[in-house]
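So you can see what is in the structure, the chains are spelled out below.
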Amino acid sequence: FQKYAVIEMGAYLQGSIKNLCNLTPPKAGIITAVGLAHLERFKTPENVILAKSELAQAIPADGILVCNGDNAGARKISELHKKTTTKLYGLNKDSGHLDYLVTDLKFSSEGSNFKINFSGQSLDAFTKLSGRPNISNILASFALAHTLGASPELLLAAIRNLEPFDTRLEVRKMGHYTQINDAYNSNPEGFAAAIEVLEQLSG
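Residues numbered from 1 in each chain as written. Predicted model: local features only at pLDDT ≥ 70, side-chain atom pairs only at ≥ 80, totals over all residues. Heavy atoms only, no water.

Ring pairs (aromatic) are described by centroid distance and by the angle formed between their planes. Under the defined criterion, the tally for this structure stands at three aromatic pairs. A centroid spacing of 5.6 Å and a plane angle of 20° characterise the contact between tyrosine 100 and phenylalanine 118, whose relative ring orientation is stacked. Taken together, the residues span a long stretch of sequence, with tyrosine 100 in strand β4 (residues 100-108) and phenylalanine 118 in strand β5 (residues 111-118) at a distance of 18 residues. Across the pair, exposure class does not vary: tyrosine 100 and phenylalanine 118 are buried alike. (Phe/Tyr/Trp six-rings, centres within 6.5 Å; stacked < 30°, edge-to-face > 60°. Helix = DSSP H or I, 4+ residues; strand = E, 2+ residues; numbered from the N terminus. Buried < 20%, exposed > 50% of the residue type's maximum accessible area, 1.4 Å probe, protein only.)

Okay, the state of the cysteines next. One pass over the full model with this rule turns up zero disulfides. Counting only cysteine sulfurs, cysteine 21 is the nearest neighbor of cysteine 67, a cysteine outside any disulfide, at a range of 13 Å. (Disulfide = S-S within 2.5 Å.)

Looking now at the pattern of salt bridges. If you walk through the whole model with that rule in mind, you get five salt bridges. Residues glutamate 110 and lysine 173 are paired through a salt bridge, measuring 3.3 Å at the closest nitrogen-oxygen approach. Placement of the pair is glutamate 110 in the loop between β4 and β5 and lysine 173 in strand β7 (residues 170-174), with a sequence separation of 63 residues. Among the ionic pairs, lysine 115 bridges to aspartate 124, the shortest N-O distance being 2.6 Å. Using a relative accessible area of 57% as the deciding quantity, one classes aspartate 124 as exposed. (Salt bridge = Lys/Arg side-chain N within 4 Å of Asp/Glu carboxyl O.)

This paragraph deals with helix α4 (residues 72-80). Every buried residue belonging to α4 is among Gly73, Ala74, Arg75, Ile77 and Ser78, and all of these are buried. Looking at the packing, one finds that the buried side of α4 touches β1 (28-31), α3 (45-58), β2 (64-68) and β3 (85-90). Of the residues that open α4, the one with a side-chain oxygen 3.1 Å from the backbone nitrogen of glycine 73 is asparagine 71. (Contact = heavy atoms within 4.5 Å. Polar contact = N/O pair within 3.5 Å; in protein donor to acceptor, adjacent residues only side chain to side chain.)

A contiguous nonpolar surface patch, about 320 Å² in accessible area, is contributed by Phe191, Ile195 and Leu198. Topologically, leucine 198 is positioned in helix α7 (residues 188-200). (Patch = residues over 30% accessible without salt bridge, like charges linked within 9 Å, V, L, I, M, F, W, Y side chains within 5 Å. Areas by Shrake-Rupley, 256 points an atom, 1.4 Å probe, with all protein chains shown as cover.)

Remark: helix α5 (residues 132-147) packs on helix α6 (residues 152-160), axes separated minimally by 10 Å, with the N-to-C direction vectors making an angle of 150°. If you check the angle between α5 and α6, you find them roughly antiparallel. Crossing hand, α5 versus α6: right-handed. Along its contact with α5, which presents Ile138, Phe142, Ala145 and His146, the element α6 presents Pro152, Leu155, Leu156 and Ile159. (Axes fitted to C-alpha atoms, helices over the stretch in contact; angles between N-to-C directions. Parallel < 35°, antiparallel > 145°, perpendicular 65-115°, else oblique. Left-handed = near helix turned anticlockwise from the far one by under 90°.)

Structure representation (structure tokens):
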């Protein structure tokens, strides 16, 4: 018996997420970003916000909505479509109120060390993944899983055991060299994240 299913809602056109939500009605959801990655199809940032809002609209009033508080569009969606439980997460404490916050983030060729701060607690975390977008996604998952009742200790163990995915900001040693492979796809934010990892690596 499975209690949860995790389903990605991809926005290809306006109505795409709405159709997916009709097929698999969500009781909880995460909005990670409203950014420029889809601009070629949606033409304006406002259209991207409308498309990403379809997930928030599909979650029932007594459901759970988790949004990236560092992202202006996602934060706006959290304000327009509040649920009984609405949580904000982020890496930038200056972006406004955050229920889950990452601090002390440091990258190395082994991965990322950071602290997860929530409800008066500050926990040390490590992952083999690198880059702010990956850490942000990890924090989003932590926030929703914790809100659903998972223990922080279990979540920290899961985060530690994540494996980097090929060509997605993958840091690997090759003899005397270290390669940052982010060749799958990119956007301005993702490219900046790769440069930030490069800046912190030794050598």
